[in-house]
Amino acid sequence: MVQLSLCFLGGLLGLFLMAPIVVASTPASMCTPLKTLNDSLSHRRRYMKHNFPINYSMRVHHEEIFKLSNISKMKLKVEGLDELVLQRLWFQVNQGVLKKIIRVLPERHPSRPYTAELERRFRDAEGVFVQSHPAEVFQQELPETIQDIWDQLTEEPDRVPESSWRFASPKSLVDNLCHTMYCLFWECFSSTEASQDYCEVSHSKKGRKTLNQKVEMEPTEPTEW
């Protein structure tokens, strides 16, 4: 009887050791840098819209127009898609977006200090993201659909076919960054009063009026730059 019990416990231990490591989708340590980034994003209307010519747009890779609808489509294409994979892709996409915005801004442009600070806070959040997970997580093979997007994003610009480029306004690109951040790191932004689905496309549209009202009530000059 004792021998059978030991065999049973040994089997359970073997199953435990063979099971994959389950990683929380958003470690608690991520919330502070993401909320700091979100504070900067609250000023994006002024710095990404009002300081640019009307209808101004810049050339970006089509995969850098990363919306909530893109996340929904990827989840449909890849069964059981890990949230962590989407978070990795979010960082990869938006680091390129912010660098491109900085690149088109002249040194004396009024939005350049803001954008540089936004990009610095983004990199701070990315650093915490990397430190918050085991190194093995970033060595795992990506699903084919995600790997294809990753390869396109890291392709040398002169090798990207003309058909893969799109034009988008800096404001729309940073809006996408913000909305998808809420979706993929929702634990850091969820309301204690009511359950909200930040990945719903209708949620971002519904929140625009409230967000714009909030921005208009804020001081005209951010305190940290």
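Scroll up to find the structure this text is about.
Rules used throughout
- Residues numbered from 1 in each chain as written.
- Predicted model: local features only at pLDDT ≥ 70, side-chain atom pairs only at ≥ 80, totals over all residues.
- Heavy atoms only, no water.
- Salt bridge = Lys/Arg side-chain N within 4 Å of Asp/Glu carboxyl O.
- Helix = DSSP H or I, 4+ residues; strand = E, 2+ residues; numbered from the N terminus.
- Buried < 20%, exposed > 50% of the residue type's maximum accessible area, 1.4 Å probe, protein only.
- Arc of directions from axis to C-beta.
- Contact = heavy atoms within 4.5 Å.
- Core = buried A, V, L, I, M, F, W, Y, C linked by side-chain atoms within 4.5 Å.

S.K.: An account of the pattern of salt bridges is needed here, citing residue identities and associated values.
M.R.: Taken as a whole and assessed by the stated rule, the structure comprises 11 salt bridges. Close ionic contact of E162 with R59 constitutes a salt bridge, the shortest N to O distance being 3.5 Å. With a gap of 103 residues between them, E162 in the loop between α7 (144–153) and β2 (165–168) and R59 in strand β1 (residues 58–61) connect regions that are remote in the sequence. The class of E162 is exposed, set by a relative accessible area of 59%. Residue R159 pairs with E155 through a salt bridge whose shortest N-O separation is 3.7 Å. In this structure R159 comes out as exposed when scored by relative accessible area, which is 60%. Among the residues examined, E155 registers a relative accessible area of 32% and is labelled partly exposed. Where salt bridges share partners, they join E117, R120, R121 and D124 into one cluster.

S.K.: Please provide a residue-by-residue account of α7, values included.
M.R.: In an α-helix there are 3.6 residues to a turn, and that puts residues three or four apart on one side. Of the positions making up α7, those classed as buried are I146, I149, W150 and L153. What you see down the axis of α7 is that its buried residues fit within an arc of 100 degrees, all on one side. Residues of α7 that are buried in the fold lie against α4 (68–77) and α5 (83–104).

S.K.: Before we move on, can you summarise the nonpolar core with the specific residues and values?
M.R.: Grouped together as the largest cluster of nonpolar side chains are 53 residues, with contacts concentrated most on L89, W90, M181 and F185. Of all the elements in the fold, those that place two or more residues in this core are α2 (31–41), α3 (44–50), β1, α4, α5, α6 (112–131), α7 and α8 (170–184). No other element matches α5, which puts 10 residues into this core. Not counting residues up to four positions away in its chain, the partners in contact with F185 are T26, M30, L34, Q87, W90, F91 and F129.

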